[in-house]
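# Chain and residue survey
Here's the letter readout for the chains.
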Amino acid sequence: MTVASAPASRPPRPGRNYRLLTAAAIITGLGTHGALIAAAFAVLEAGGDGGDVGLVAAARTAPLVLFLLIGGAIADRLPRHRVMVAANALNCLSQAAFAWLVLAGDPRLWQMMLLTALCGTGQAFFNPAAEGMLMSSVGREQASRAFALFRMSTQGATIGGAALGGAMIAAMDPGWVLAVDAAAFAVAGALRGFLDVGHIPPRAPGGGLLADLRDGWQEFIGRPWLWSIVAQFSVVVAAVGAAESVYGPLVARDELGGARPWGFALAAFGAGTLGGAFLMMRWKPRRLLLAGTLCVFPLALPAAGLAVPLPVGGLCAVMFVSGAAIEVFGVSWMTAMHQEIPEEKLSRVSAYDWFGSVAMMPVATALAGPVESLAGRGAALWGCAALIVLVTGAVLFVPDVRRLTRAPVAAEVAKDRGPASADAEGAVGRLG
């Protein structure tokens, strides 16, 4: 099966846009990973329990699910960098207000949920625009290495952000970590304002937002490898989210000694992603999705480690392994998307990808507290691990997941030159 050719508008190699996108992502990564820990501990310090932590986490992901598809369609109609800057501005304001409430004392649960929901809304518009912008800024012959370097750079921010966040929370009010996150969004938004979209031809007027959504759906549903892996990740992301966003801070508080050890564990995950991205700068598996999917199995390890629970050193070890494994999947997935999806539809297809992947997250985080009360924390964590293993095993039965292969470099270059050159030098993106 030969896939549709992408336009010849992608630059031949990473340049200014790629550097700006990477720098901005590093800055927001440093702030956000600490802020996620801070939000959980802000709820706990305000007198909340595991159910309240789950509700605040669900409030972040619910608008992400609701607005992702609209965000993807808008990002393919408007200049993507403008969508990204507007989303960053909303994130900055909502996190600044959250920080002020926490620092002022006695934040209400509904207030924390509302501000977290605003932050999730910003992410719903930002994520498809950012993914489309990144992919349109990289030539096909450079894609795999560029994506690995991008992920390695940004995941490196996870190490500092999570460790710094845990240390700051242990030493001072979580509100200060939220304030740092707000400042990071402001700086990153300013950088993204300098992105150049001149290499992307103007989109022809379409039939409206609904027509764009239908077009994106046809692109999405017509590829079994795409929708099956997104369906898989709807369960995987929900299970990982419940384990690490809700149960992780509780296990850290009750069994490990507080926020600092959990910050170290998240930093170990970040270090693992750094190692995995470094590996993918050198390793280019021929069967992209088969290699990536096999590396989803280790994502069950952190939930199992929390269920035991492992001591801090053991938990850091399994977090490192899962971080390295998910980077193998992440780079393989981005390379497959870049190779198979036309540039003018990247944001819409990415929106369906994001939507499917996070659709069950609000339900999982909201139910995490009640499930813990009914079955116990250990049983809930073992259940998360089992779900990850089961759905990952199931997706391997999809033939296209096993067969999709990396396009030869010469063919990728021909594809960048345009459909005529691609036809002359050989079809690309074959499943076989």
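Conventions used here
Residues numbered from 1 in each chain as written. Predicted model: local features only at pLDDT ≥ 70, side-chain atom pairs only at ≥ 80, totals over all residues. Heavy atoms only, no water. Helix = DSSP H or I, 4+ residues; strand = E, 2+ residues; numbered from the N terminus. Contact = heavy atoms within 4.5 Å. Phe/Tyr/Trp six-rings, centres within 6.5 Å; stacked < 30°, edge-to-face > 60°. Buried < 20%, exposed > 50% of the residue type's maximum accessible area, 1.4 Å probe, protein only. Axes fitted to C-alpha atoms, helices over the stretch in contact; angles between N-to-C directions. Parallel < 35°, antiparallel > 145°, perpendicular 65-115°, else oblique. Left-handed = near helix turned anticlockwise from the far one by under 90°. Nonpolar A, V, L, I, M, F, W, Y, C, P; charged D, E, K, R; others polar. Core = buried A, V, L, I, M, F, W, Y, C linked by side-chain atoms within 4.5 Å. 1 Å grid on protein atoms, 1.4 Å probe; cavity = no way out; pocket = protein on both sides within 12 Å on 5 of 7 lines; lining within 4 Å. Points joined across faces, edges and corners; volume = space filled by probe spheres on them. Expected span 1.5 Å × (residues − 1). Salt bridge = Lys/Arg side-chain N within 4 Å of Asp/Glu carboxyl O. Patch = residues over 30% accessible without salt bridge, like charges linked within 9 Å, V, L, I, M, F, W, Y side chains within 5 Å. Areas by Shrake-Rupley, 256 points an atom, 1.4 Å probe, with all protein chains shown as cover.

We now examine the overall build of the protein. What the protein contains, in helices and strands, is 18 helices and 0 strands. Look at the contacts in the protein between residues 6 or more apart in sequence, and 90% of them connect residues 24 or more apart.

Counted under the stated rule, the structure contains 7 aromatic pairs. When the ring of phenylalanine 233 is compared with that of phenylalanine 329, the centres are 4.6 Å apart and the planes differ by 20°; the resulting orientation is stacked. One end of the pair, phenylalanine 233, is in helix H8 (residues 224-256); the other, phenylalanine 329, is in helix H12 (residues 312-340), and 96 residues separate them in sequence. Residues phenylalanine 233 and phenylalanine 329 agree in their burial class; the two are buried. Through pairs of rings, three or more aromatic residues link up here, namely Trp225, Phe233, Phe329 and Trp333.

Moving on: the packing of H8 against helix H14 (residues 361-375). The interhelical angle for the contact between H8 and H14, taken along N-to-C directions, is 45°, at an axis separation of 8 Å. What the angle tells us is that H8 and H14 run oblique. Two packed elements cross with a definite hand, and for H8 against H14 that hand is right-handed. Note on element contacts: H14 touches H8 through Met361, Ala364, Thr365, Ala368, Val371 and Glu372, opposite Val237, Ala238, Gly241, Ala242, Ser245, Val246, Tyr247 and Leu250. Classifying every residue of the contact of H8 with H14 gives 10 nonpolar, 3 polar and 1 charged.

Here we take up the environment of glycine 330. Mapped onto the fold, glycine 330 is located in helix H12. What makes glycine 330 buried here is its relative accessible area of 6%. In this structure, the C-alpha to C-alpha distance between glycine 330 and alanine 148, residues 182 residues apart in sequence, is 8.6 Å.

Our next topic: the nonpolar core. Trp225, Leu226 and Trp333 are the most contacted members of the largest nonpolar core, which has 104 residues in total. For this core, the leading source of residues is H8, giving 17 residues. Non-local contacts of tryptophan 225, meaning those with residues more than four positions away in its chain, are made with Leu289, Trp333, Ala336, Met337, Glu340, Asp400, Val401 and Leu404. Formed by 9 residues, the second largest nonpolar core is a distinct cluster that contains Ala277, Cys295, Val328 and Val331.

At a minimum axis separation of 8 Å, helix H11 (residues 300-307) and H12 run at an interaxial angle of 165°. The angle between H11 and H12 falls in the class roughly antiparallel. The handedness of the crossing between H11 and H12 comes out as left-handed. Residues Leu301, Pro302, Gly305 and Leu306 of H11 lie in contact with H12, whose contacting residues are Leu315, Val318, Met319, Val321 and Ser322. Of the residues assigned to the contact of H11 with H12, the class counts are 7 nonpolar, 2 polar and no charged.

Let's shift gears to empty space enclosed by the protein. Under the counting rule described, the total for this entry stands at 2 cavities of 30 Å³ or more. Roughly 60 Å³ of internal volume is contained in the second largest cavity. Leu30, Leu164, Met168, Val177 and Val180 are the residues nearest the centre of the second largest cavity, which is lined by 10 residues in total. Elements that contribute at least two residues to the lining of the second largest cavity include exactly helix H1 (16-45), helix H5 (143-171) and helix H6 (174-192). Among the elements that take part in the lining of the second largest cavity, H5 stands out by supplying 4 residues, more than any other. Looking at the lining of the second largest cavity, its residues break down into 5 nonpolar, 4 polar and 1 charged.

Quick look at helix H7 (residues 209-221) now. In an α-helix, one turn spans 3.6 residues; hence positions three or four apart end up facing the same way. Over its 13 residues, H7 runs 18 Å from end to end, which matches the ideal 18 Å to within 8%, given 1.5 Å per residue. Those residues of H7 that sit buried are Ala211, Asp212, Leu213, Gly216, Glu219 and Phe220.

A pair can form between side chains of opposite charge whenever their charged atoms are brought close. Applying the stated criterion across every chain yields a total of 5 salt bridges. Glutamate 372 serves as the salt-bridge partner of arginine 377, at 2.7 Å between the closest nitrogen and oxygen. Counted as one network, the salt bridges with shared partners bring together Arg253, Asp254, Glu372 and Arg377.

Take the environment of alanine 277 next. Checked against the element boundaries, alanine 277 lands in helix H9 (residues 259-280). With a relative accessible area of 0%, alanine 277 lands in the buried category. For the pair alanine 277 and valine 331, spaced 54 residues apart in the sequence, the C-alpha separation amounts to 7.4 Å.

Moving on to a nonpolar patch on the surface. A contiguous nonpolar surface patch, about 290 Å² in accessible area, is contributed by Leu103, Met172 and Trp176. Secondary-structure assignment places methionine 172 in the loop between H5 and H6.

Omega for the peptide link from valine 308 to proline 309 comes to -15°, which places this bond in the cis form. Position of proline 309 among the secondary structure elements: in the loop between H11 and H12.

Next up on the list: the side chain of asparagine 91. Mapped onto the fold, asparagine 91 is located in helix H3 (residues 80-104). Ignoring anything within four residues of it in the chain, the contact list for asparagine 91 reads Leu118, Cys119, Gly122, Gln123 and Phe185.

To continue, consider H11. When you tally the buried positions in H11, you get 7 out of 8 residues, the bulk of the element. The set of residues buried in H11 consists of Ala300, Pro302, Ala303, Ala304, Gly305, Leu306 and Ala307. At its buried positions, H11 is contacted by H8, H9, H12 and helix H15 (377-395).

So, to be careful, I would describe these as geometric facts and stop short of saying anything about function.
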